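Descriptive analysis of the structure
What follows is each chain in one-letter form.
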Number of protein chains: 2
Amino acid sequence: MKIAIYGYGNIGRAVELAAAQNDDMETYGVFTRRSPENIHTVTGVPVYAAKDILAHKGSFDVLVICGGSATDLPEMTPRLAADFCVVDSFDTHARIPEHFANVNAAAKAGRNVAVISGGWDPGMFSVTRLYSSAILPVGQDYTFWGRGVSQGHSDAIRRIPGVLDARQYTVPVPEALEAVRSGETPELTTRQKHTRECYVVAEEGADRDAITEAIVTMPNYFADYDTTVTFISMEEMKRDHASLPHGGYVFRTGTTGADGEHRHMIEYHLTLDSNPEFTAGVLVCLARAAKKLYDRGECGCRTIFDIAPADLSALSPEELRAHYL
Amino acid sequence: MKIAIYGYGNIGRAVELAAAQNDDMETYGVFTRRSPENIHTVTGVPVYAAKDILAHKGSFDVLVICGGSATDLPEMTPRLAADFCVVDSFDTHARIPEHFANVNAAAKAGRNVAVISGGWDPGMFSVTRLYSSAILPVGQDYTFWGRGVSQGHSDAIRRIPGVLDARQYTVPVPEALEAVRSGETPELTTRQKHTRECYVVAEEGADRDAITEAIVTMPNYFADYDTTVTFISMEEMKRDHASLPHGGYVFRTGTTGADGEHRHMIEYHLTLDSNPEFTAGVLVCLARAAKKLYDRGECGCRTIFDIAPADLSALSPEELRAHYL
């Protein structure tokens, strides 16, 4: 099957690399809003202008849309789903129902399959929460993120006057993880679940106390957390904080039995050296599934909840039953 | 929806309890090959003779077949799938393709939906392996079982002359778990992955050395493992080993990037106080899915690989997208 990539940032590059790891898949090309001649792809796939994409209709099976959730995807995914089977990684949890409705209408009109909100959260964490709560209906969910870089929080720090660069790590509180694992089903506040570590490169002569104060009191982003701020040099930033690790934990603790006397614990844990590359691994599986659904005559919007696991795999149902069940 | 239960052992009782935890579900009755008047169900559901089951056709939606994989299920599931939508927990991994073919033919002929091999392994462990290897195609899988009671190994010990009762625990080797978690991708032998702890009640005057020797040298079951044998009294057996805990770990370690420079680790970990009750939690979700598939006009055999996660849940697609994605 052939995929194409729309948008060539961290996720777009990672999708190109992920497709190269899958023997059943090749990348037809990258579509960019920048000047195609200025972009050199990692594996040498061709680059085309995004505005010309309709001329490529029929040349590939699924378009993986690699844009931001704030403004790109709400506009791009419905527009492109009218003409192509598409996959995106829309991750603004609160706006998923609205995005789903818009994409579903466009994909149905174009008789295409669209899969939204792929990745690990939303994505693999979501599907783990669904399975776990269905199996253990009497129970409690916990999700922890990190240790990993939050791009949104890093960006928020960069907007503070006097800041040249910043990297923010979200870190689960070890005592909270242990309390959940012990089966205590604790009630945890925001502050008890995660801490935030900030590494900041300041302009020469900047007021570091003012920067620290601006960070730790920032509403929504930092005010509800125990936040540490460490000033480092640009060299240290480049040397020690160049990668984008992430991960986290989904727990479900539940009880069964005539009197709820038996406890059960499901723990799903991701440790990722590269957040965009793992996300891309999920996106290309969803692209594979989108093609299978399309080939069966389906259309409309789907999420990972609506896709049978076998449709994500390159293996046949017979191989999966014989070797993975 | 209404389920019925065929066979009333550990799993059958656990299915009855699991259905009682799900508001969208009630249990129509239990079918038994024993004398119905001698069976008292935990929640008071009626008991019928297995031989009369055809007279109950149309009275319930899905029959959960709770028999053993060695001889019961290979005969029961195809026979009953001809007349009912069914779910089973067939767990002889090597014979799944053959069982699938038999059940598929019967279910198609009867225009019913059958879901086989539900539980946690096969079941949730399988689906975790499928997702993980699809997302990280360049990588390695590890499955560890325990700490938990292996009924097959306990039964094997009970067949040794002089043994009154026995309980065998399968235990993952902590160093092996740590080696995998560290990302070392070790090659592990059978002996390096698990140890086996045996608790044995011997007849008075039995030759304990001979029993120990018979256990630790038993081919397939114990010879390839470091096995410990502890003799205990019947009182200790009843007091300390009455429950059936189990669990285990599925790991996938994989690499991504232009030069495989990024490592990723997926860990799925179950800690279960009651193996049959967790298994039953999965079976009732599969029963719910079987009804949804049947109501859409589908027929034939399915496994958890073929079922969209949303079909396992009692929640609507809208609720799932709004709260679980």
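These figures come from a predicted structure and were not determined experimentally.

1. Some remarks on the sheet that holds strand β9 (residues 163–172) of chain B
Residues and elements named next belong to chain B. On the basis of which strands lie adjacent, the open sheet formed by four strands has the order β8-β9-β10-β11 and mixed pairing. Pairing within the sheet leaves two strands with one partner each, and these edge strands are β8 (148–149) and β11 (226–231). Pairing geometry for β8 and β9, over two bridges, is antiparallel. By the bridge assignment for β9, G148 is matched with T170. Of the strands in this sheet, β8, β9 and β10 (194–202) are in contact with helix α5 (residues 151–158), which crosses β9 at around 145°. On top of the sheet, helix α8 (residues 208–216) reaches β9, β10 and β11; it is set at about 150° to β11, its chief contact.

2. Here's the deal with the sheet that holds strand β9 (residues 163–172) of chain A
All names here are of chain A. Here we have four strands laid out as an open sheet, ordered β8-β9-β10-β11, and mixed in their pairing. Edge positions in the open sheet fall to β8 (148–149) and β11 (226–231), since each of these has one partner strand only. Against the sheet, helix α8 (residues 208–216) contacts β9, β10 (194–202) and β11, and its axis sits at roughly 150° relative to β11.

3. Structural notes on the interface of chain B and chain A
Between chain B and chain A, the residue contacts involve 62 residues of the former and 62 residues of the latter. It is R321, Y324 and L325 of chain B that lose the most area in chain B upon contact with chain A, and together they represent 15% of the buried surface on that side. In this structure, the connection of chain B to chain A is made through zero salt bridges. Elements represented by at least two residues in the side of chain B that touches chain A include exactly α3 (96–110), α4 (124–135), β12 (246–256), β13 (262–272), α10 (275–295) and α11 (317–323) of chain B. If you tally residues by element for the side of chain B that touches chain A, the top one is β13 of chain B, at 11 residues. The class makeup of the residues in the side of chain B that touches chain A is 35 nonpolar, 17 polar and 10 charged.

4. Remarks on α5 of chain B
Because the α-helix completes a turn every 3.6 residues, residues three or four places apart line up on one side. Residues and elements named next belong to chain B. Along α5, the positions that sit buried rather than exposed are H153, S154, A156 and I157. In a view along the axis of α5, the buried residues occupy a sector of 160°, so they form one face of it. Elements in contact with the buried residues of α5: β8, β9, β10 and α8.

5. Quick look at the nonpolar core
If you look at the biggest cluster of nonpolar residues, it comprises 152 residues, and the most contacted ones within it are L63 of chain A together with L63 of chain B. Residues in contact with L63 of chain B, not counting those within four places in the same chain, are A4, I5, Y6, F31, I53, L80, F84, C85, V86 and V87 of chain B. Formed by 13 residues, the second largest nonpolar core is a distinct cluster that contains I157, I160, A202 and I211 of chain A.

6. Regarding the pattern of salt bridges
In this structure the tally under the stated criterion is 42 salt bridges over all chains. A salt bridge links D52 of chain A to K51 of chain A; the nearest nitrogen and oxygen atoms lie 3.4 Å apart. Salt-bridge contacts for E98 of chain B lead to R95 of chain B; the nearest nitrogen and oxygen are separated by 3.2 Å. By relative accessible area, R95 of chain B is classed as partly exposed at 32%. The network of salt bridges with shared partners includes D155, R158, D165 and R167 of chain A.

7. Observations concerning the relation of the copies chain B and chain A
Both copies of the chain are tied together by a single rotation about an axis and a shift running along it. When chain B is brought onto chain A, the operation consists of a screw motion whose angular component is 180° and whose axial shift is 0.0 Å, with 0.0 Å RMSD remaining. Look at the turn and shift together and you get a two-fold axis relating the two. Within chain B, A308 of chain B has its C-alpha nearest the rotation axis, a separation of 2.0 Å.

8. Description of the domain arrangement of chain A
Residues and elements named next belong to chain A. Domain assignment breaks chain A into domain 1 (2–121 + 276–323) and domain 2 (139–259). Between the C-alpha centres of domain 1 and domain 2 there is a distance of 30 Å. Contact residues are listed per partner, giving four residues for domain 1 and six residues for domain 2. For the pair domain 1 and domain 2, the summed buried area comes to about 340 Å², and 65% of that belongs to carbon and sulfur atoms. Sorting the residues of domain 1 by area buried against domain 2 places W120, D121 and P276 first, and these three jointly supply 84% of that buried surface. The interface formed by domain 1 and domain 2 includes zero salt bridges. Counting every contact that joins domain 1 to domain 2 gives one residue pair in polar contact (both at pLDDT 80 or more). Looking at side-chain class alone, the side of domain 1 that touches domain 2 contains two nonpolar, one polar and one charged residues.

9. Considering the packing of aromatic side chains
What the rule picks out here adds up to 22 aromatic pairs over all chains. With 6.4 Å between their ring centres and 65° between their planes, Y268 of chain A and Y268 of chain B make a pair best called edge-to-face. With Y268 of chain A in strand β13 (residues 262–272) and Y268 of chain B in strand β13, the pair connects residues from two separate chains. Residue Y268 of chain A is classed as buried on the basis of its relative accessible area of 3%. Ring-pair connections join several aromatic residues into one group, and the members of that group are W120, F125 and Y268 of chain A together with W120, F125 and Y268 of chain B. Lying across the ring of F144 of chain A, K193 of chain A places its NZ or CZ 5.1 Å from the centre.

10. So, unusual backbone geometry
With the exception of glycine, most residues fall at negative phi, and the peptide bonds are largely trans. The residue after G146 of chain A, namely R147 of chain A, is reached through a cis peptide bond having omega 0°. With respect to the helices and strands, R147 of chain A occurs in the loop between β7 (139–145) and β8. Positive phi is not limited to glycine here, since R111 of chain B has a value of about 55°. Its place among the elements puts R111 of chain B in the loop between α3 and β6 (113–115).

11. With respect to the environment of D88 of chain A
All names here are of chain A. Mapping D88 onto the fold places it in the loop between β5 (85–87) and α3 (96–110). Overall, D88 belongs to the buried group, its relative accessible area being 0%. With 63 residues separating them in the primary sequence, D88 and Q151 have C-alpha atoms 18 Å apart. The contacts of D88, once residues within four sequence positions are left out, are I65, L73, T77, H99, V115, I116, S117, G118 and L283. Polar side-chain contacts of D88 include one of 3.0 Å to the backbone nitrogen of F90.

The rules behind the values
Residues numbered from 1 in each chain as written. Chains lettered and ligands numbered in written order. Predicted model: local features only at pLDDT ≥ 70, side-chain atom pairs only at ≥ 80, totals over all residues. Heavy atoms only, no water. Pairing = 2+ DSSP bridges. Helix = DSSP H or I, 4+ residues; strand = E, 2+ residues; numbered from the N terminus. Contact = heavy atoms within 4.5 Å. Axes fitted to C-alpha atoms, helices over the stretch in contact; angles between N-to-C directions. Buried area = accessible area lost by both parts, 1.4 Å probe. Salt bridge = Lys/Arg side-chain N within 4 Å of Asp/Glu carboxyl O. Nonpolar A, V, L, I, M, F, W, Y, C, P; charged D, E, K, R; others polar. Buried < 20%, exposed > 50% of the residue type's maximum accessible area, 1.4 Å probe, protein only. Arc of directions from axis to C-beta. Core = buried A, V, L, I, M, F, W, Y, C linked by side-chain atoms within 4.5 Å. Least-squares fit on C-alpha atoms with pLDDT ≥ 70 in both. Domains from an automatic or database assignment. Polar contact = N/O pair within 3.5 Å; in protein donor to acceptor, adjacent residues only side chain to side chain. Phe/Tyr/Trp six-rings, centres within 6.5 Å; stacked < 30°, edge-to-face > 60°. Lys NZ or Arg CZ within 6 Å of the ring centre and 35° of its normal.

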